[in-house]
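A structural walkthrough
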Amino acid sequence: MSELLVLDGVSAGYGASVVLEQISFAIEDGNSLALLGRNGVGKTTLLLTLMGLARRHGGSIRWQGAEIGSMPTYQRARAGIGWVPQERYMFPSLTVEEHLLAVARPGPWTLERAYAQFPHLKRRRSNLGGQLSGGEQQMLALARALMVNPRLLLLDEPMEGLAPIIVQELMEVIRDLVAEGGITVILVEQHARLALELTRNAIVLERGRIVHASDSESLLREPAVLDHLLAVHQEQGVAL
């Protein structure tokens with residue numbers, strides 16, 4: 001597989017503030033990456049940097065071999081980078097179907113395929129974005145990103161705060177996307193083991209720097225290492 005995205009010494013943040021320092025990694029076409037770390041270490045900032053929504057202070061971002069570090073966000077989306085933000089960003093005045101058709105680009109993901117993947121959205125296709133539940137909004141945010149027919153899909157904590165049945169449905173969609181290999185996936189998820197089960201490779205951030213990189217399976221096999229990297233509280237079994 002060829003390298004789809006390469007970051008070389010990227011530092012980024014907001015205004016004069018630097019959140020990420022010297023971030024370097026590459027992801028191949030069709031691969032998948034779990035982006036792990038405690039709250040506030042820069043995971044979302046890294047996704048925003050890839051979308052051109054955070055300020056890059058240095059380093060190079062190459063997309064299919066071409067430098068895109070100064071490219072506007074809309075051009076990155078047109079180039080094939082899709083994004084499911086943590087906030088979902090629904091348009092209250094648009095229906096479900098209008099959300100999907102507004103961003104549709106030619107490719108395998110059509111309105112019919114989106115409705116087949118998310119039948120609940122088809123039943124709610126005439127409802128406005130503001131009329132949907134949190135789970136429905138998350139389904140719509142993912143379906144909308146897929147309608148762009150991206151080469152790379154950035155997922156920022158897509159399962160956060162959702163009912164278990166919705167989490168299971170979204171997990172199956174992500175698992176299928178990774179297995180098919182047609183879309184490269186970078187997944188930020190607060191439940192590290194879930195993210196590792198869904199991806200092939202992983203990196204861990206701490207204070208804006210990469211402190212660990214490996215394949216996901218080997219990190220899953222070393223729970224003590226994973227707990228140490230994420231500062232997991234052993235008694236409670238949750239990330240601090």
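Keep in mind that what you see is a predicted model, and the values were worked out from it rather than measured.

Considerations on the environment of Ser 126
Tracing the backbone shows Ser 126 in the loop between helix H5 (119-123) and helix H6 (134-147). Accessibility expressed as a relative area gives 61% for Ser 126, which makes it exposed. For the pair Ser 126 and Leu 53, spaced 73 residues apart in the sequence, the C-alpha separation amounts to 31 Å.

Brief notes about the packing of H6 against helix H7 (residues 164-180)
Packing of H6 against H7 brings their axes to within 10 Å, and their N-to-C directions diverge by 15 degrees. As far as their axial angle goes, H7 and H6 are roughly parallel. Like other packed secondary-structure pairs, H6 and H7 cross with a definite hand, here left-handed. Residues Gly 135, Gln 138, Met 139, Leu 142 and Leu 146 of H6 touch H7, and the partners they reach there are Ile 166, Glu 169, Leu 170, Val 173 and Leu 177. Counted by class, the contact of H6 with H7 contains seven nonpolar, two polar and one charged residues.

Let's talk about the pattern of salt bridges
Side-chain pairs of opposite charge can arise where the charged atoms are in close proximity. Taken as a whole and judged by the stated rule, the model has nine salt bridges. Between Arg 175 and Glu 172 there is a salt bridge, with the nearest N and O atoms lying 2.8 Å from each other. Placement of both Arg 175 and Glu 172 in helix H7 is noted, with a separation of three residues, approximately one turn of the helix. A residue is classified by how much of its surface remains accessible, and Arg 175, at 29% relative accessible area, is partly exposed. We note a salt bridge from Asp 227 to Arg 193, for which the minimum N-O separation is 2.8 Å. Of the two residues, Asp 227 sits in helix H10 (residues 223-230) while Arg 193 sits in helix H8 (residues 192-198), which places them 34 residues apart along the sequence. Overall, Arg 193 belongs to the partly exposed group, its relative accessible area being 38%. Through salt bridges with shared partners, one network takes in Arg 38, Glu 206 and Arg 207.

About the thresholds
- Residues numbered from 1 in each chain as written.
- Predicted model: local features only at pLDDT ≥ 70, side-chain atom pairs only at ≥ 80, totals over all residues.
- Heavy atoms only, no water.
- Helix = DSSP H or I, 4+ residues; strand = E, 2+ residues; numbered from the N terminus.
- Buried < 20%, exposed > 50% of the residue type's maximum accessible area, 1.4 Å probe, protein only.
- Axes fitted to C-alpha atoms, helices over the stretch in contact; angles between N-to-C directions.
- Parallel < 35°, antiparallel > 145°, perpendicular 65-115°, else oblique.
- Left-handed = near helix turned anticlockwise from the far one by under 90°.
- Contact = heavy atoms within 4.5 Å.
- Nonpolar A, V, L, I, M, F, W, Y, C, P; charged D, E, K, R; others polar.
- Salt bridge = Lys/Arg side-chain N within 4 Å of Asp/Glu carboxyl O.

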